[in-house]
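# Structural characterization, general
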Amino acid sequence: MNWADASAGWSWNPVTDLQQIWAFPFMVNAFRAGTVVAVLAAVMGWFMVLRRQSFAGHTLSVVSFPGAACATLLGISASFGYFAFCIGGALVIAAIPRAGQGGGSGQESALTGTVQAFLLACGFLFVALYKGFLGGVDSLLFGSFLGITTDQVVVLTIVAALALGVLAVIGRQLLFASVDENVATGRGVPVRALSVVFLVLLGTATAEAGQITGTLLVFALLVMPAASAQQLTARPAASLALSVLIAVTVTWTGLIAAYYSPYPIGFYVTTFAFAVYVLARTGRTLTAAVGRRRMVGAGALA
């Protein structure tokens, strides 16, 4: 990258600035990969928040670190490690009974946390075993848009398309099971099977997003856009679309900010997503306060 061009700074002309950024092939690949990752993370994250499985999502985001570290230690692509460990971790979590399925929420959280702690420790062991890997720990943990290849974009796109295709098939039943699991079970919905499939899809989304935002901050892209959207509207379709819009927006702005600064993209994506959530939460609180005041005023007039 020609850092002299980047050091010129933001010109406040979005068209000119984007033309400058997209003059570099690796930045074009970064925006393509970032968009694919944002869409998949937003959709999976929306269901994750709805199903109250944020802790499972956080565990899978941590698991991607030892996966990438192990793959590098073995001399293979880090992408294989991301997907192998995240999907494997998802299957382990899926074997833990959820509350209402013969297990308590305390048992579920304790076992999920145990998996998280053990695999995180394994990640640092892999780093210690491979001496030359130490210089890449920061990019694994906090993300980097450098080095994203066209082949990697193609792989991410194919995986995302397959994951979203599966989710489209099970989406209606998964939504029903997420809103009211007991009623869904009574109606013959395969709740347990849906839970396993969803966790595998969530592991896939985590493995994808971790390659852009870093393994410690991927959780932000999964949870914050979805949580913000669900604060703004209770309508499923509108909320899901808004979650995707927020995720893509914060990813693009994060890429632009990271291009013009020496700091990792994961920091910017997390900061911007958090700002959106604060605004959404504040707006909902103010709207509720105004609504209560109007009701009080109408009651006084009556």
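That block above? That's the structure.
The following refers to the structure shown. (Residues numbered from 1 in each chain as written. Predicted model: local features only at pLDDT ≥ 70, side-chain atom pairs only at ≥ 80, totals over all residues. Heavy atoms only, no water.)

## Details of the overall build of the protein chain
- Counting secondary structure elements, the protein chain contains 13 helices and 0 strands.
- With 302 residues in all, the protein chain has 46% of them scored as buried.
- At a minimum sequence separation of 6, the contacts of the protein chain that also span at least 24 residues come to 75%.
- As presented, the protein chain carries roughly 14,400 Å² of accessible surface, and 70% of it is formed by carbon and sulfur atoms. (Helix = DSSP H or I, 4+ residues; strand = E, 2+ residues; numbered from the N terminus. Buried < 20%, exposed > 50% of the residue type's maximum accessible area, 1.4 Å probe, protein only. Contact = heavy atoms within 4.5 Å. Areas by Shrake-Rupley, 256 points an atom, 1.4 Å probe, with all protein chains shown as cover.)

## Re the nonpolar core
- Formed by 66 residues in total, the largest nonpolar core has its most connected members in M44, L167, L202 and L221.
- Considering every element that reaches this core, the biggest residue donor is helix α3 (residues 25-50), with 17 residues.
- Within the second largest apolar cluster, 6 residues are counted, among which are F65, A69, C70 and C122. (Core = buried A, V, L, I, M, F, W, Y, C linked by side-chain atoms within 4.5 Å.)

## Looking at the environment of A273
- Counting through the fold element by element, A273 comes out in helix α13 (residues 265-301).
- With sequence-adjacent residues up to four places away left out, A273 is seen in contact with M224, S228 and V250.

## Some points on the packing of helix α4 (residues 54-74) against helix α11 (residues 218-232)
- Direction vectors running N to C along α4 and α11 enclose 155 degrees, while the axes themselves pass 8 Å from each other. By the criterion of interaxial angle, the relationship of α4 to α11 is roughly antiparallel. Crossing hand, α4 versus α11: right-handed. Touching S54, G57, H58 and S61 of α4 are V218, F219, L222 and V223, all from α11. (Axes fitted to C-alpha atoms, helices over the stretch in contact; angles between N-to-C directions. Parallel < 35°, antiparallel > 145°, perpendicular 65-115°, else oblique. Left-handed = near helix turned anticlockwise from the far one by under 90°.)

## Quick look at the packing of aromatic side chains
- Applying the stated criterion to the full structure yields 11 aromatic pairs.
- Between F24 and F26, the ring centres sit 6.0 Å apart and the planes meet at 45 degrees, which makes this aromatic pair tilted. For the pair shown, F24 and F26 are each scored as buried.
- Measuring from ring centre to ring centre gives 5.1 Å for F267 and Y268, while their planes differ by 70 degrees; the resulting arrangement is edge-to-face.
- Every member of this aromatic cluster is reached through a ring pair, and the members are F24, F26, Y259 and Y260. (Phe/Tyr/Trp six-rings, centres within 6.5 Å; stacked < 30°, edge-to-face > 60°.)

## Describing the packing of α4 against helix α5 (residues 78-94)
- Remark: α4 packs on α5, axes separated minimally by 7 Å, with the N-to-C direction vectors making an angle of 140 degrees. In terms of orientation, α4 lies oblique with respect to α5. Judged by the twist between their axes, the crossing of α4 over α5 is right-handed. The segment α4 lies against α5, with A56, T59, L60, V63, S64, P66, G67, A68, C70, A71 and T72 engaging A78, G81, Y82, F85, C86, G89, A90 and I93.
- Along the lines of polarity and charge, the residues of the contact of α4 with α5 split into 13 nonpolar, 6 polar and no charged. (Nonpolar A, V, L, I, M, F, W, Y, C, P; charged D, E, K, R; others polar.)

## A few points about a nonpolar patch on the surface
- On the surface, a cluster of nonpolar side chains totalling about 350 Å² of accessible area is made up of L74, I76 and F80.
- Within the fold, F80 resides in helix α5. (Patch = residues over 30% accessible without salt bridge, like charges linked within 9 Å, V, L, I, M, F, W, Y side chains within 5 Å. Salt bridge = Lys/Arg side-chain N within 4 Å of Asp/Glu carboxyl O.)

## Regarding the environment of A226
- Inspection of the secondary structure assignment puts A226 in helix α11.
- Between the alpha carbons of A226 and G45 there is a distance of 5.8 Å; along the sequence they are 181 residues apart.
- Not counting chain neighbours up to four residues away, the residues in contact with A226 comprise G45, W46, V49 and S243.

## A few points about the side chain of T59
- Assignment of secondary structure puts T59 in helix α4.
- By relative accessible area, T59 is classed as buried at 0%.
- With near-sequence residues (within four places) excluded, T59 lies in contact with I93, T112 and Q116.

## Overview of the environment of I93
- Tracing the chain through its elements places I93 in helix α5.
- With 16 residues separating them in the primary sequence, I93 and S109 have C-alpha atoms 9.8 Å apart.
- Dropping the residues within four chain positions of it, I93 is found in contact with A56, T59, L60, T112 and L199.

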